[in-house]
Amino acid sequence: VAVVVCLLCSVTAVVRSGSSDGFGKPIDIDTAISLLEYKLMAPSVPMVPLTLIQGADSKGAVCLDGTLPGYHLDRGFGSGANSWLIQLEGGGWCNNHRSCVYRKTSRRGSSKFMEKALAFTGILSNKPEENPDFFNWNRIMLRYCDGASFSGDSQDESSQLFYRGQRIWQVAMEEFLSLGMKQANQALLSGCSAGGLASILHCDEFKELLPSSTKVKCLSDAGMFLDA
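Within every chain, residues take consecutive numbers counted from 1 along the sequence as written. Given that the model is predicted, a residue must reach a pLDDT of at least 70 before its local features are reported, and side-chain atom pairs must reach 80 or more before they are shown or counted; all residues, however, enter totals for whole chains, interfaces and linings. Excluding hydrogens and water, the side-chain figures rest on all heavy atoms present in the structure.

(A) Summary view of the pairing of strand β3 (residues 83–88). Accessible area is worked out with a 1.4 Å probe on protein chains only. A residue is then buried under 20% of its type maximum, exposed over 50%, and partly exposed in between. Helix numbers and strand numbers start at the N terminus; a helix is a DSSP run of H or I with at least 4 residues, a strand a run of E with at least 2. Counted residue by residue, β3 has 6 buried out of 6 residues, so it is predominantly covered. Residues Ser-83, Leu-85 and Gln-87 line one face of β3 and the alternating positions Trp-84, Ile-86 and Leu-88 line the opposite face, and both faces are buried. Note: β3 against strand β8 (residues 186–192), 6 bridges, orientation parallel. The residue bridging Trp-84 from the neighbouring strand is Ala-187, located in β8. Where β3 and strand β5 (residues 138–142) come together, 5 bridges link them in parallel fashion. In the sheet register, Ile-86 faces β5, and the bridge partner there is Ile-140. The criterion for strand pairing is that DSSP finds at least two bridges linking the strands in question.

Encoded structure:
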């Protein structure tokens, strides 16, 4: 369900961005879904490798099971070389001991189970016809493995569960700044579902990390939880 929701979030981002079919007509939701499905299946879609954040464990920044957090980065080019888009992955929460124990045996709780490469589509695509606003930006998918929207800083010793979302956020931002984000002209923090909530929680902090001259925006896609 979380995968479907986030795919729909990507579709929504394509529609909202005002992309067209090449004839100046806005893409409707059905066309956008078809386009996304095509791009997901097409062999020409670049696969962006997973990078684990080395040394994160020394700072206590680990997934639910204690493994290293990770991200996927597709470098920007041309006029977008100094613009950065950080997409915080979604995937719901684990909200009790049982669900968190189960979650650490999946890609939502352990980098051991994460895909080694992801197809970047929708708002992460490098194709101008699909992603006209951000196709040539530095585009990052920060993987979600803490179970609580990149927040929290505690540990369950008895079950060896690490609730280190805040620390993961911090080491990830340090990594991205070292890769060039500190020189960003523009930066967008976005996310879908649980990642959308995280983009709300971290928006002010994200802005403070960057120079005052950087134009910073935050986009929460399906990130409002009325019972949160």
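(B) Broad picture of the pairing of strand β1 (residues 47–52). When β1 meets strand β4 (residues 117–119), the two strands line up antiparallel, connected through 3 bridges. Each residue of the ladder has a partner; that of Met-47, found in β4, is Ala-119. In this structure, β1 lies alongside strand β2 (residues 70–74), joined through 3 bridges in antiparallel fashion. Across the sheet, the residue bridging to Leu-50 is His-72, located in β2.

(C) Representation of the environment of Asp-57. Among the structural elements, Asp-57 can be located in the loop between β1 and β2. On the basis of relative accessibility, which here comes to 46%, the residue Asp-57 falls in the partly exposed class. Residues Asp-57 and Ile-168 lie 111 residues apart in sequence; the distance between their C-alpha atoms is 9.4 Å. Leave out the neighbours within four places in its chain, and Asp-57 touches Val-62 and Leu-68. In what follows, a contact means two residues having at least one pair of non-hydrogen atoms within 4.5 Å.

(D) Layout of the side chain of Ser-125. With respect to the element layout, Ser-125 can be found in the loop between β4 and β5. Note on Ser-125: relative accessible area 1%, which makes it buried. Polar contact is defined as a pair of N or O atoms within 3.5 Å, subject to the rule that within protein one atom must be able to donate a hydrogen and the other to accept it, and that residues adjacent in sequence are counted only when both atoms are side-chain atoms. Here Lys-127 takes part through its backbone nitrogen, which lies 3.0 Å from a polar atom of the side chain of Ser-125. Looking at Ser-125, its side chain comes within polar contact range of the side chain of Glu-130, at 3.2 Å.

(E) Representation of the side chain of His-72 in the model. Residue placement: His-72 occurs in strand β2. Using a relative accessible area of 0% as the deciding quantity, one classes His-72 as buried. For His-72, the side chain forms a polar contact with the main-chain oxygen of Val-48, separated by 2.8 Å. Looking at His-72, its side chain comes within polar contact range of the main-chain oxygen of Pro-49, at 3.3 Å. With residues near it in sequence (within four places) discarded, His-72 still touches Val-48, Pro-49, Leu-50, Glu-115, Lys-116, Ala-117, Leu-118, Phe-120, Arg-139, Ile-140, Met-141 and Arg-143.

(F) Inspection of the state of the cysteines at higher detail. The definition used for a disulfide is geometric: two cysteine sulfur atoms within 2.5 Å. Applying the stated criterion to the full structure yields 3 disulfides. Covalent S-S linkage joins Cys-63 and Cys-145, the inter-sulfur distance amounting to 2.1 Å. Between Cys-63 and Cys-145, the S-S torsion sits near -75 degrees, and that sign places the bridge as left-handed. Taken together, the positions of Cys-63 in the loop between β1 and β2 and Cys-145 in the loop between β5 and β6 (154–156) put the pair 82 residues apart, joining distant regions of the chain. With a relative accessible area of 0%, Cys-63 lands in the buried category. Residue classification places Cys-145 among the buried residues on the basis of a relative accessible area of 1%. In this model Cys-94 forms its disulfide with Cys-100; the gap between the sulfur atoms is 2.1 Å. Handedness here is read from the sign of the S-S torsion; for Cys-94 and Cys-100, about 90 degrees, the answer is right-handed. Relative accessible area serves as the criterion here: at 11%, Cys-94 is assigned to the buried category. For Cys-100, a relative accessible area of 3% translates into the label buried.

Everything listed is a geometric property; what it means functionally is a separate question.
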